[in-house]
Amino acid sequence: MDEIGRSPIDSLKNHLAERGPMSVGDYMAWCLTGSEAAYYRSGNPIGASGDFVTAPEVSQIFGELIAIWAYTVWQSMGMPRPFNLAELGPGRGTLMQDALRAARAMPGFIDAAQIHLVETSEALRAKQQQVLSAFCAPNWHQTVQAVPHEPLIVIANEFFDALPVEQHVFEKGSWHRRVVSLNAAGRPAFSTGRLAVPPVELMPPEPPREGDILEHRPSASALIAEFGRRAQSAPVAVLVADYGYERRDYGDTLQAVRTHGYANPLEAPGETDLSAHVNFAELTHAAESAGLNVWGPMPQSEFLLSLGLEARLRVLMSAARGEQRSALFLGARRLVDPFQMGNLFKVMAMTSRDLPPPAPFEARPALRG
Ligand code: SAH
């Protein structure tokens, strides 16, 4: 139990003292969603006044183009009515709001769509309700399992990076779990836990060197397996946009962000955003094992430009004046500029075997990690 009135760091120390070391994944889960002190349980982390800014917060065009993507996928499913449109971790609801506003111009789509939001944060649920009430009556769920079956289109922007990663560290010729424990001074610190071999399919071709770290995300694979099960009885299409890497690799990507700057991941548990890069090779492996087709990943810039970012920007700019015009331009540029979000962020789709390649992935073969 987390004690009311205790600061998050004291509550963590207490937890570690009582129960011993926790894996990096358990630490991330504890900090983000799993304790009274959890980061995503309180406050409003996203946006200019929060800790970090996401693509839909940067430009309305992001959500608008995702609506086009979802609409074309729905068409390729044969326009089922009704169908489920689910978003994982909708944050402030901005992406869904922009998407549904754009979808008003798409015949039949909104009437057929039943909106499902998978969100653990009460504070963010309240924000989503406020922002979306003019567009739809969403259903909220704690987990994807609770979203009804039947045709399903899923959007996940910057969701997978918030799912816990486990880390393994290679020391003295063997793999060990990396853990968080109390050091001699009674402070939380990273240390080496028991012998544990990471999933072989994620190991890079080069052999590990002393101190190398390998990450994996069991909850991401479990989530994708759930989509695979659903795809056996109904069409399923999932769009993942996130920052990450495409090739199997070693490295510690766990990061803490607070008020738009990097922080120490152990310093302010529950008060700092924790995330880790998404390993798209891992998602690809999970999706293929689950019987899904995989498309991409492709750089976010390529995805957005192929779906018509420039044309949409021109329309918006022609109706805007002065500062609004430059804000529109700068926002769109930030999404696609390779030195900003264009390259680090990637987009990948997973679809049930019966569906044709979704736009704009038609011409690109899936990555082989
Ligand atoms: N997609 C949004 C927000 C990204 S932040 C955007 O692009 O702006 C991550 C979101 O995932 C938040 O809404 C957070 O509350 C939610 N979240 C984090 N971990 C979760 C979990 N395990 N289950 C459900 N939602 C989670």
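Described in the following lines is the structure provided in the data block. (Residues numbered from 1 in each chain as written. Predicted model: local features only at pLDDT ≥ 70, side-chain atom pairs only at ≥ 80, totals over all residues. Heavy atoms only, no water.)

## Observations regarding the overall build of the protein chain
Across its full length, the protein chain carries 12 helices and 16 strands. The C-alpha atoms of the protein chain give 21 Å as radius of gyration, which agrees with the globular expectation for 369 residues (21 Å, within 12%). The principal-axis extents of the C-alpha atoms in the protein chain amount to approximately 65 × 45 × 40 Å. Split into buried and exposed, the 369 residues of the protein chain put 57% on the buried side. Long-range pairs, those at least 24 residues apart, make up 75% of the contacts in the protein chain with a sequence separation of at least 6. Summing over all exposed atoms, the protein chain offers an accessible surface of approximately 15900 Å²; the carbon and sulfur share of this is 52%. Looking at the protein chain, you have 32 positive and 40 negative side-chain charges, and the mean spots of the two groups are 3 Å apart. (Helix = DSSP H or I, 4+ residues; strand = E, 2+ residues; numbered from the N terminus. Rg over C-alpha atoms; globule rule 2.2 N^0.38 Å. Buried < 20%, exposed > 50% of the residue type's maximum accessible area, 1.4 Å probe, protein only. Contact = heavy atoms within 4.5 Å. Areas by Shrake-Rupley, 256 points an atom, 1.4 Å probe, with all protein chains shown as cover. Lys, Arg positive; Asp, Glu negative; His and termini not counted. Charge placed at Lys NZ, Arg CZ, Asp CG, Glu CD.)

## Some words on the sheet that holds strand β13 (residues 273-275)
Across the sheet, 3 strands lie side by side as β12-β11-β13; this open sheet has antiparallel pairing. The outermost strands of the open sheet, each flanked by one partner alone, are β12 (261-263) and β13. If you compare each strand with its neighbour and ignore which way they point, the axes differ by 40 degrees on average. Taken together, the 3 bridges between strand β11 (residues 255-258) and β13 define a ladder with antiparallel strand orientation. Pairing of Val-257 across the sheet is with Asp-273, part of β13. (Pairing = 2+ DSSP bridges. Axes fitted to C-alpha atoms, helices over the stretch in contact; angles between N-to-C directions.)

## Section: the environment of Ala-162
Note on placement: Ala-162 falls in the loop between β5 (152-157) and β6 (166-171). Assessed through its relative accessible area of 18%, Ala-162 is described here as buried. Once residues within four sequence positions are removed from consideration, Ala-162 is found in contact with Met-28, Leu-32 and Tyr-40.

## Side note on the pattern of salt bridges
Pairing between side chains of opposite charge can happen when the charged atoms of each approach one another. Going through the model one piece at a time under the given rule, you end up with 9 salt bridges. A salt bridge links Arg-92 to Glu-57; the nearest nitrogen and oxygen atoms lie 3.3 Å apart. Of this pair, Arg-92 sits in the loop between β2 (83-88) and α5 (94-103) while Glu-57 sits in helix α3 (residues 55-58), and the two are 35 residues apart along the sequence. Arg-92 sits in the partly exposed class, given a relative accessible area of 21%. The class of Glu-57 is partly exposed, set by a relative accessible area of 24%. With a closest N to O distance of 3.2 Å, Arg-177 and Glu-166 form a salt bridge. Here Glu-166 lies in strand β6 and Arg-177 lies in strand β7 (residues 174-182), a separation of 11 residues in the sequence. By relative accessible area, which is 11% here, Glu-166 ends up buried. Salt bridges linked by common partners bring Glu-64, Asp-98, Arg-101 and Arg-312 together as one network. (Salt bridge = Lys/Arg side-chain N within 4 Å of Asp/Glu carboxyl O.)

## Section: the site of the ligand
Taken together, 19 residues form the shell around the ligand, and within it Thr-54, Gly-89, Gly-91, Glu-119 and Asn-157 come nearest. One nitrogen or oxygen atom from the main chain of Gly-89 is found 2.7 Å from a nitrogen atom belonging to the ligand. Within the side chain of Asn-157, a nitrogen or oxygen atom sits 2.8 Å from an oxygen atom of the ligand. When the residues that make up the shell around the ligand are grouped by side-chain class, the tally is 9 nonpolar, 7 polar and 3 charged. (Near = heavy atom within 4 Å. Polar contact = N/O pair within 3.5 Å; in protein donor to acceptor, adjacent residues only side chain to side chain. Nonpolar A, V, L, I, M, F, W, Y, C, P; charged D, E, K, R; others polar.)

## Structural notes on the pairing of β5
The side chains of a regular strand alternate between both faces of the sheet. Of all the 6 residues making up β5, 6 are buried; the element is thus mostly covered by neighbouring parts of the structure. Both faces of β5 are covered, namely the face carrying Leu-152, Val-154 and Ala-156 and the face carrying Ile-153, Ile-155 and Asn-157. Sheet analysis places β5 next to strand β10 (residues 236-245), joined by 6 bridges and oriented parallel. Across the sheet, the residue bridging to Val-154 is Val-238, located in β10.

## Quick word on the packing of helix α4 (residues 60-76) against helix α11 (residues 309-318)
Running from N to C, α4 and α11 cross one another at 125 degrees; their axes reach a closest spacing of 11 Å. The angle between the axes of α4 and α11 places the two elements in the oblique class. Seen from above, α4 lies across α11 with right-handed handedness. Touching Gln-60, Ile-61, Glu-64 and Leu-65 of α4 are Leu-309, Arg-312, Leu-313 and Leu-316, all from α11. Class assignment of the residues belonging to the contact of α4 with α11 gives a composition of 5 nonpolar, 1 polar and 2 charged. (Parallel < 35°, antiparallel > 145°, perpendicular 65-115°, else oblique. Left-handed = near helix turned anticlockwise from the far one by under 90°.)

## Brief notes about the pairing of strand β3 (residues 113-118)
Across the 6 residues that make up β3, a large majority, 5, are buried. Pairing of β2 with β3, which is carried by 6 bridges, proceeds in the parallel orientation. By the bridge assignment for β3, Glu-87 is matched with Leu-117. In terms of strand pairing, β3 meets strand β4 (residues 139-141) through 3 bridges, oriented parallel. In the strand pairing of β4, His-116 is matched with Asn-139. Viewed along the sheet, the connection from β3 through helix α7 (residues 122-132) into β4 turns out right-handed. (Right-handed = clockwise from strand over helix to strand, strands pointing away.)

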